[in-house]
Amino acid sequence: MKSPPISENLFQAMSEPARLDVLSSLTPLAIENDTDFDNIAALALTTSGAKAAQISLVDERQSKVLAHRGTLGRANMWTFEAAALTIPEASCLVILNAAEDVRFSELHCVTHAPHLRFVAVAPICVSDECIGAVSVMSDETRTDFTAAQQEQLASLAKVAGSLIELKRDSRQGDERVATLHRDDDRNAMALEVGNVGSWVWDLRNGRFTGNRMAYEMLGLDSDRTVSGEDVFRAMHPDDFPAMKSAFTRALAQNQDYVGEFRVASSGQWLLGRGRIFERDASGKPVVAVGVNIDITKTKTASEKTRFLLRELNHRVKNTLAMLQSLARQTLSRTSDPAEFMEAFSGRLRAISEAHTLLSDREWSGISLVDLITKQVEPYAIFDIGQIELVGEDIMLPPDHALGLGIALHELATNAVKHGALSVATGHVRIVWQLEVGLHESRIVIRWTESNGPRVTAPNTRGLGLKLIERSLDKVLSSSVRLSYPETGIEAIVSMPIGDQSDPAAG
């Protein structure tokens, strides 16, 4: 056999990009020391009559030994293997005496141990790309390596190639399965983060399966078999009929199923959505898929909005009635338009301030300190220190706050016109305390003026005094008492109030 010349680039004739793709899809560590390759090497050793057999993966610079059998130690066979991979028309590369072959005589494995002489190499090909070799060798020369022996070596190389391809495909299949599992895990986590339960309902046997969130939402045990009827029974009895009807109608009309329902065990609100995923040959639905989404917060917020709108509607009606009454009473006391506007505007502002505070608290109540500050402090025209507040802050219900706001406004305007706030030396002390009773608790507020002009009881009560006395008409069991000592006007407001065990509660 005539030996072809060896160029410096032994792989020039190979399709390297495609070949490297094949090699990169293999993991040498996963198939090194594999008993299957060891057995192929043993067969190659027996059929060739050589002293050693070796199976390797070959790249552009080196080879990776997968199996070695025989009495000779492992040798660096890369040059022999690379040469075999560049001879497409030959089934095997055969060198009967490497020491006399100019291509290989200077190789280290020839001039030094194991002093190779006879070498035969058959290329291993995978997907039409040669990626390795089966080699047999001896440290003695041979006179021949028969065609039958070459065919046997080539056949073993084909077996090795098929084995490598099988292991590669199996590994890639495992990776695809692992990728699918990772994708499933990511999707499951994303659904759980979004409070979404996904489910599959096999309509043929009635079995319901879902992710962990789907079972938890419905209060069902994932360790036992769950049916579609179990899911319907998990719904609140008031919602069950409409939901089952909606699902049945969606199946019959080939539409998506959509509905909202409460879970019987928790009261949690869920939005259910589903559609037919699979039908049998006759078009009958056999598998449905869908999701349940937690909408409890949305439902709660919606109900709260409806409550606030109802409360606002009620308050607006009451406020309009109050404004009409204030306007009539103010107008009946004065015929001067300017005086009417001043008096009416001040009372309107008092109501507006209380409404603003209530709106900020979503009509849950008003801090007493905030209410006093808004209604009284603007009238301390000389010094804010003229007003003294004494007491622990509490929350007032809406009706209490509106009525007390009007009373405080009238007391403050009266004080700035005729009482303690009309002079720089005047002082207003507002003290309150909670009186806890057996059947109800009351808040008692004392308004005391001092160091202002001398006070005498009025012969007739003006509108302001009437408004003070009647400001809490809408608060049952409340009272406002006025007195007129010479040192300054005094007022005592008493109102029943709810549980104030937490002063900051609203």
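Draft legend 1. Examining the pairing of strand E7 (residues 207-210) more closely. Strand direction decides the pairing type here: strand E6 (residues 196-202) and E7, joined by four bridges, are antiparallel. Its bridge partner being in E7, Trp201 is matched across the sheet by Phe208. In this structure, the hairpin formed by E6 and E7 is closed by a connection of four residues, where Gly206 is found at a positive phi of approximately 75°. Where E7 lies against strand E8 (residues 226-227), two bridges are found, and the strand directions are antiparallel. Paired with Arg207 across the two strands is Ser227, which belongs to E8.

Draft legend 2. Here's a closer look at helix H13 (residues 398-417). Relative to the 28 Å expected for 20 residues at 1.5 Å per residue, H13 spans 29 Å between its end C-alpha atoms, a close match to the ideal helical length. With 16 of 20 residues buried, H13 is to be regarded as a mostly interior element.

Draft legend 3. View of the sheet that holds E8. In spatial order, the strands read E8-E7-E6-E11-E10-E9; together these six strands make up an open sheet with antiparallel pairing. Both outer strands of the open sheet, E8 and strand E9 (257-262), are each paired with one neighbouring strand and no more. Packing of helix H9 (residues 240-253) onto the sheet brings it into contact with E6, E9, strand E10 (269-279) and strand E11 (285-294), and relative to E9 it is tilted by some 170°.

Draft legend 4. Representation of empty space enclosed by the protein. In total, this model carries three cavities of 30 Å³ or more according to the counting rule given. Here the largest cavity is characterised by a volume of approximately 110 Å³. Every residue lining the largest cavity is listed: Trp199, Trp201, Phe208, Gly228, Val231, Phe232, Met235, Phe247, Tyr257, Phe261 and Asn292. Of all the elements in the fold, those that place two or more residues in the lining of the largest cavity are E6, helix H8 (228-233) and E9. Top contributing element to the lining of the largest cavity by residue count: H8, with three residues.

Draft legend 5. View of the pairing of strand E1 (residues 52-58). For E1, the buried fraction is high: seven of the seven residues fall into the buried class. Here E1 shows a buried face lined by Ala52, Gln54, Ser56 and Val58 and a second buried face lined by Ala53, Ile55 and Leu57. Two elements, E1 and strand E5 (residues 129-138), share six bridges in a ladder whose sense is antiparallel. Across the sheet, the residue bridging to Leu57 is Gly132, located in E5. Here E1 pairs with strand E2 (residues 63-70) via seven bridges, running antiparallel. Bridge pairing in E2 places Ala53 opposite Arg69. If you look at the hairpin formed by E1 and E2, you'll find four residues sitting between the two strands.

Rules of the game
Residues numbered from 1 in each chain as written. Predicted model: local features only at pLDDT ≥ 70, side-chain atom pairs only at ≥ 80, totals over all residues. Heavy atoms only, no water. Pairing = 2+ DSSP bridges. Helix = DSSP H or I, 4+ residues; strand = E, 2+ residues; numbered from the N terminus. Expected span 1.5 Å × (residues − 1). Buried < 20%, exposed > 50% of the residue type's maximum accessible area, 1.4 Å probe, protein only. Contact = heavy atoms within 4.5 Å. Axes fitted to C-alpha atoms, helices over the stretch in contact; angles between N-to-C directions. 1 Å grid on protein atoms, 1.4 Å probe; cavity = no way out; pocket = protein on both sides within 12 Å on 5 of 7 lines; lining within 4 Å. Points joined across faces, edges and corners; volume = space filled by probe spheres on them.

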